[in-house]
Amino acid sequence: MGNRFNISWKKIGLAIKEFFIALGRGDLLTRLRVDRALPYILYLFLLGCISIWLSYHAEQTMLTVQKNNDRIKTLKVYHAQKTYELVRLDRIATVEKMLEEAGSQVKAPEKPADILR
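Below you will find a few notes about this structure. (Residues numbered from 1 in each chain as written. Predicted model: local features only at pLDDT ≥ 70, side-chain atom pairs only at ≥ 80, totals over all residues. Heavy atoms only, no water.)

Let us now look at the overall build of the protein chain. Within the protein chain, the regular secondary structure consists of 4 helices and 0 strands. Each helix (α) and strand (β) of the protein chain, taken in turn from the N terminus, gives the series α-α-α-α. Over its C-alpha atoms the protein chain spans a radius of gyration of 42 Å, topping by over 25% the 13 Å that the globule rule assigns to 117 residues. In terms of overall dimensions, the protein chain has a C-alpha envelope of 125 × 35 × 30 Å along the principal axes. Relative to its 117 residues, the protein chain shows a buried fraction of 3%. (Helix = DSSP H or I, 4+ residues; strand = E, 2+ residues; numbered from the N terminus. Rg over C-alpha atoms; globule rule 2.2 N^0.38 Å. Buried < 20%, exposed > 50% of the residue type's maximum accessible area, 1.4 Å probe, protein only.)

Structure (structure tokens):
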């Protein structure tokens, strides 16, 4: 039965040895002819940088939106409080009470105003 695939273990060992020597010298990529794909590698690097930059800016925008939402919630509460105070001050009884406390002689009218013709 013999060697069916005709494998030369000596050549495989030599190839592995050359691989590690090229890896140690730093010329493995040149031996693999990666220099032909350099424009594509640079293009992918540029796309990766742009993707990271856009993700960073999207994250910053989401952070700003979150801060603005928190601020809007606070301002809504403040607005409700001020609206309540203004509505309370609009009542005639409250105005009369404030005028009395201030010592004013002004009073609410006792009879409706006359219409002049």
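That was the structure; now back to the text.
A word on a nonpolar patch on the surface. A contiguous nonpolar surface patch, about 880 Å² in accessible area, is contributed by Phe 5, Ile 7, Trp 9, Ile 12, Ile 16, Phe 19, Phe 20 and Leu 23. Locating Leu 23 in the fold gives a position in helix H1 (residues 9-25). When its relative accessible area of 46% is taken as the criterion, Leu 23 is described as partly exposed. (Patch = residues over 30% accessible without salt bridge, like charges linked within 9 Å, V, L, I, M, F, W, Y side chains within 5 Å. Areas by Shrake-Rupley, 256 points an atom, 1.4 Å probe, with all protein chains shown as cover. Salt bridge = Lys/Arg side-chain N within 4 Å of Asp/Glu carboxyl O.)

Within the structure shown, the criterion is met by 1 aromatic pair. On the numbers, 5.3 Å between centres and 75° between planes, the contact of Phe 19 with Phe 20 is edge-to-face. For Phe 19, a relative accessible area of 39% puts it in the partly exposed group. (Phe/Tyr/Trp six-rings, centres within 6.5 Å; stacked < 30°, edge-to-face > 60°.)

None of this, on its own, says anything about what the molecule does.
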